[in-house]
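Chains, contacts and geometry: an overview
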Amino acid sequence: MKTTKITYWVSTSIVAGMIILSAYNYMTREEVKVICRHLGFPDYFRIEVALAKFLGALALLAPISSRIKEWAYFGFVIIFISAPIAHIASGDPLAQSFGALGYLAVLAVSYVSWQKRRVAVLPAHA
């Protein structure tokens, strides 16, 4: 159980930290605005994604409802799959997609360890 807890917190902290930094960059860095325009996204969408990333990262870290955490994980799966698709469709090299796919793998580790922790603390059904 201790290994699962450590695995969960390390993987979740990596993903949440990267997502919070990404959300901050979406809101403040001109380079990110240029990239979003290159991908064909309107400016308001960049802001919506930044807010969703920030709220989703908080949901992963906070002791809240399992249902909300599930939606946060699902949202990040969508983001980490959509990012490579958007870059490839815009003519960017495939190598530019490896980061998102790497974070998808770390997110999977976080999700599996979170589920193991949940199952371990749920009361046994008679």
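Note: the structure precedes this text.
Residues numbered from 1 in each chain as written. Predicted model: local features only at pLDDT ≥ 70, side-chain atom pairs only at ≥ 80, totals over all residues. Heavy atoms only, no water.

1. Some remarks on the packing of aromatic side chains
Applying the stated criterion across every chain yields a total of eight aromatic pairs. Both rings, one in Y8 and one in W9, keep their centres 5.0 Å apart while their planes meet at 70°; by these two values the pair is edge-to-face. With a centroid separation of 5.8 Å and an interplanar angle of 90°, the aromatic rings of W71 and F74 are classed as edge-to-face. Separated by three residues within a single helix, W71 and F74 lie in helix 4 (residues 66-89), roughly one turn from each other. Since its relative accessible area comes to 59%, W71 is described here as exposed. Joined through ring pairs, the aromatic side chains of Y73, Y111 and W114 make up one cluster. The ring of W114 is capped by R118, whose NZ or CZ atom sits 5.0 Å from the centre of that ring. (Phe/Tyr/Trp six-rings, centres within 6.5 Å; stacked < 30°, edge-to-face > 60°. Helix = DSSP H or I, 4+ residues; strand = E, 2+ residues; numbered from the N terminus. Buried < 20%, exposed > 50% of the residue type's maximum accessible area, 1.4 Å probe, protein only. Lys NZ or Arg CZ within 6 Å of the ring centre and 35° of its normal.)

2. Here's the deal with the packing of helix 4 against helix 5 (residues 98-121)
Running from N to C, helix 4 and helix 5 point in directions that differ by 160°, and their axes come no closer than 9 Å. Here helix 5 runs roughly antiparallel to helix 4, going by the angle between their axes. Of the two possible hands of crossing, helix 4 and helix 5 adopt the one that is left-handed. On helix 5, the residues touching S66, K69, E70, Y73, F76, V77, F80, I81, A83 and P84 of helix 4 are A100, L101, Y103, L104, L107, S110, Y111, W114, Q115 and R118. Considered class by class, the residues forming the contact of helix 4 with helix 5 number 14 nonpolar, three polar and three charged. (Axes fitted to C-alpha atoms, helices over the stretch in contact; angles between N-to-C directions. Parallel < 35°, antiparallel > 145°, perpendicular 65-115°, else oblique. Left-handed = near helix turned anticlockwise from the far one by under 90°. Contact = heavy atoms within 4.5 Å. Nonpolar A, V, L, I, M, F, W, Y, C, P; charged D, E, K, R; others polar.)

3. Points about a nonpolar patch on the surface
On the surface, I88, L94, F98 and L101 cluster together into a nonpolar patch covering about 400 Å² of accessible area. Topologically, I88 is positioned in helix 4. A relative accessible area of 44% places I88 in the partly exposed class. (Patch = residues over 30% accessible without salt bridge, like charges linked within 9 Å, V, L, I, M, F, W, Y side chains within 5 Å. Areas by Shrake-Rupley, 256 points an atom, 1.4 Å probe, with all protein chains shown as cover. Salt bridge = Lys/Arg side-chain N within 4 Å of Asp/Glu carboxyl O.)

4. Topic: the pattern of salt bridges
In the structure shown here, the tally under the stated rule is four salt bridges. Ionic pairing is found between D43 and R46, a salt bridge with its closest N-O pair at 2.7 Å. With a gap of three residues between them, D43 and R46 both fall in helix 3 (residues 43-61), about one helical turn apart. D43 sits in the partly exposed class, given a relative accessible area of 41%. Classification of R46 by relative accessible area gives buried; the value is 4%.

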